[in-house]
Amino acid sequence: MPTGLHVAYERDPTEHVNLVSSIPFALVHLAPLAMIWTGVTWRDVILCAVLYQVRMFFITAGYHRYFSHHSYTLNRFWQLVLAFGGTTAVQKGPLWWAALHRDHHRYADTPYDIHSPLKGLWWSHVGWILCDKYSATRFDRIPDFARFPELRWLNKYNWVGPWTLAVATFLAFGLRGLVVGFFLSTVLLWHGTFLVNSAAHVFGRRRYVTHDSSRNSLLIALVTSGEGWHNNHHYVQSSARQGFFWWEIDLTYYTLVALRCVGVVHDLRRPPKRLLRANLVCDGFDVGMFDTYIARAGGILSSASDQLSDTYDHARKGVATSIASAVSTAEDLAREAKTRPA
Ligand SMILES: [Zn+2]
Ligand SMILES: [Zn+2]
């Protein structure tokens, strides 16, 4: 049975990377190299770790668990704080992010899933972000939050957050702080977040039967403050707690519990107890992985059929050329025989 990383779905012709608009993305990746000249101190490394961790929280607790899934409630002020904090992670606006993420759950691992690894691991990790097709906000997917004018403003001017943070970092910590604290932590933060779209659908274990290939991975959970329990999350999407058991470390949830204690967060949703021991992969048929295997097998068959068809075309052209050349030689010989004196 095919279990590798073979591409299952051919991408739509409109799904391709725009190299020109990807230049800023590439430049941000190059910016941390400036540390060769600026040098690095422990203070810069700590700043980098703090900015990574705090901004990861804004993405996981804010963009993901709150704006995408309503897994707890906040008042309008804290909602705005969470949205602004999320923009500093340089992952565009909260409405853009959450609307696309809702589509991921709606179409997970089907041809309509924007970043399924079944379209290619590299595509699911970063390719789709560099594609113009998905740059607009699908307001129809997120009318519940699009009704707030302050969120629409932040979504439109989502560059304000990152620029504010970058300038503040530079003023407070100098060029080294900017290079290591802001740029390096931004690159690490990007790829930490992207792992949930790519690796968390390929590597790890499945506990629950879901209609997709989502996995649970401790490593990804540690890097993403708890988002690595992705199979749990696909199983009960509305739960603010993604590490369902005490041993499943979920830093975002612990922080949300602390914020509930001080009255910032309310109505934290947890997975219903009856679901925790139900629909286990080990007890029955895993339809999600079955569909994934079928899709990957379809991809292999389709590319094998393309290769076969290419080989056939090549062979057919070769035979036709040989026949044409033989006919021409025969005609030449016949002409020569006619003109030769008897
Ligand atoms: Zn989600
Ligand atoms: Zn997923």
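Everything numeric here is computed off the predicted structure, so don't read it as measured data.

Parameters and conventions
- Residues numbered from 1 in each chain as written.
- Chains lettered and ligands numbered in written order.
- Predicted model: local features only at pLDDT ≥ 70, side-chain atom pairs only at ≥ 80, totals over all residues.
- Helix = DSSP H or I, 4+ residues; strand = E, 2+ residues; numbered from the N terminus.
- Rg over C-alpha atoms; globule rule 2.2 N^0.38 Å.
- Buried ≥ 20, exposed ≤ 12 C-beta atoms within 10 Å, placed from the backbone.
- Arc of directions from axis to C-beta.
- Contact = placed C-beta atoms within 7 Å.
- Core = buried A, V, L, I, M, F, W, Y, C linked by C-beta atoms within 7 Å.
- Expected span 1.5 Å × (residues − 1).
- Domains from an automatic or database assignment.
- Axes fitted to C-alpha atoms, helices over the stretch in contact; angles between N-to-C directions.
- Parallel < 35°, antiparallel > 145°, perpendicular 65-115°, else oblique.
- Nonpolar A, V, L, I, M, F, W, Y, C, P; charged D, E, K, R; others polar.
- Left-handed = near helix turned anticlockwise from the far one by under 90°.

A. Focus on the overall build of the chain. Of regular secondary structure, the chain possesses 14 helices and 0 strands. Against the globule reference of 20 Å for 342 residues, the chain gives a C-alpha radius of gyration of 27 Å, more extended than a compact globule. Buried positions account for 38% of the 342 residues belonging to the chain.

B. Local environment of helix α12 (residues 251-261). Here α12 has its buried residues at Thr252, Tyr253 and Leu256. Burial along α12 is one-sided: seen end-on, the buried residues are contained in an arc of 95°. Among the exposed residues of α12, those oriented more than 90 degrees off its buried face are Ala258 and Cys261. Looking at the buried residues of α12, the elements they touch are α3 (42-68).

C. How the structure looks around the nonpolar core. Grouped together as the largest cluster of nonpolar side chains are 39 residues, with contacts concentrated most on Cys48, Phe58, Leu95, Ala98, Ala99, Phe145 and Leu256. For this core, the leading source of residues is α3, giving 12 residues. In contact with Leu95, not counting residues within four places along its chain, are Thr137, Phe139, Ile142, Phe145, Ala146, Leu151, Arg152 and Asn155. Grouped together as the second largest cluster of nonpolar side chains are 9 residues, Leu195, Ala199, Ile220 and Val223 included.

D. Region of the structure containing helix α5 (residues 94-107). The terminal C-alpha atoms of α5 lie 20 Å apart, and with 14 residues this matches the ideal 20 Å at 1.5 Å per residue to within 8%. Those residues of α5 lying buried are Pro94, Leu95, Trp96, Trp97, Ala98, Ala99, Leu100, His101 and His104. Buried residues in α5 make contact with α3, α4 (76-87), α7 (143-146) and α8 (149-156). Following α5 by one or two positions, Asp109 adopts a phi angle in the positive range, close to 60°.

E. The domain arrangement of the chain, seen in detail. Here the domain parsing of the chain yields domain 1 (23-282) and domain 2 (285-342). Inter-centroid distance (C-alpha atoms) of domain 1 to domain 2 is 50 Å. Of the residues lining the interface, 9 residues belong to domain 1; the matching set on domain 2 comes to 8 residues.

F. Region of interest: the environment of Ser22. With respect to the helices and strands, Ser22 occurs in the segment before α1 (23-30). Considered as a pair, Ser22 and Asp132 are 110 residues apart in the sequence and their alpha carbons are 9.8 Å apart. With residues up to four places along the chain from it excluded, the contact list for Ser22 reads Val17 and Leu130.

G. Broad picture of the packing of α3 against α12. Packing of α3 against α12 leaves a shortest axis separation of 10 Å and a crossing angle of 80°. Taken together, α3 and α12 sit at an angle that is classed as roughly perpendicular. Note on element contacts: α12 touches α3 through Thr252, Thr255 and Leu256, opposite Phe57, Thr60, Ala61 and Arg65. When grouped by side-chain class, the residues that make up the contact of α3 with α12 number 3 nonpolar, 3 polar and 1 charged.

H. The packing of α3 against helix α9 (residues 160-197), seen in detail. Where α3 contacts α9, the axes come no closer than 8 Å and their chain directions differ by 40°. Classified by the interaxial angle, the pair formed by α3 and α9 is oblique. You can see that α3 and α9 cross each other, and the crossing is right-handed. Where α3 approaches α9, its residues Asp44, Val45, Leu47, Cys48, Leu51, Tyr52, Arg55, Met56 and Ile59 are matched on the opposing element by Phe173, Arg176, Gly177, Val180, Gly181, Phe182, Leu184, Ser185, Leu188, Leu189, Gly192 and Thr193. Looking at the contact of α3 with α9 residue by residue, the class counts come to 13 nonpolar, 5 polar and 3 charged.

I. Structural detail: unusual backbone geometry. Positive phi, close to 55°, is recorded for Val90, a residue that is not glycine. Among the secondary structure elements, Val90 is positioned in the loop between α4 and α5. Despite not being glycine, Asp109 has its phi angle at roughly 60°, a positive value. Mapped onto the secondary structure, Asp109 falls in the loop between α5 and α6 (121-125).

J. Main features of the environment of Tyr293. With respect to the helices, strands and loops of the structure, Tyr293 is situated in helix α14 (residues 287-339). Here the alpha-carbon distance between Tyr293 and His6, two residues 287 residues apart in the chain, equals 10.0 Å.

K. Local environment of the environment of Phe139. One can find Phe139 in the loop between α6 and α7. Linking Phe139 and Arg152, residues 13 residues apart in sequence, is a C-alpha distance of 9.6 Å. In contact with Phe139, other than residues within four places in its own chain, are Leu95 and Ala146.

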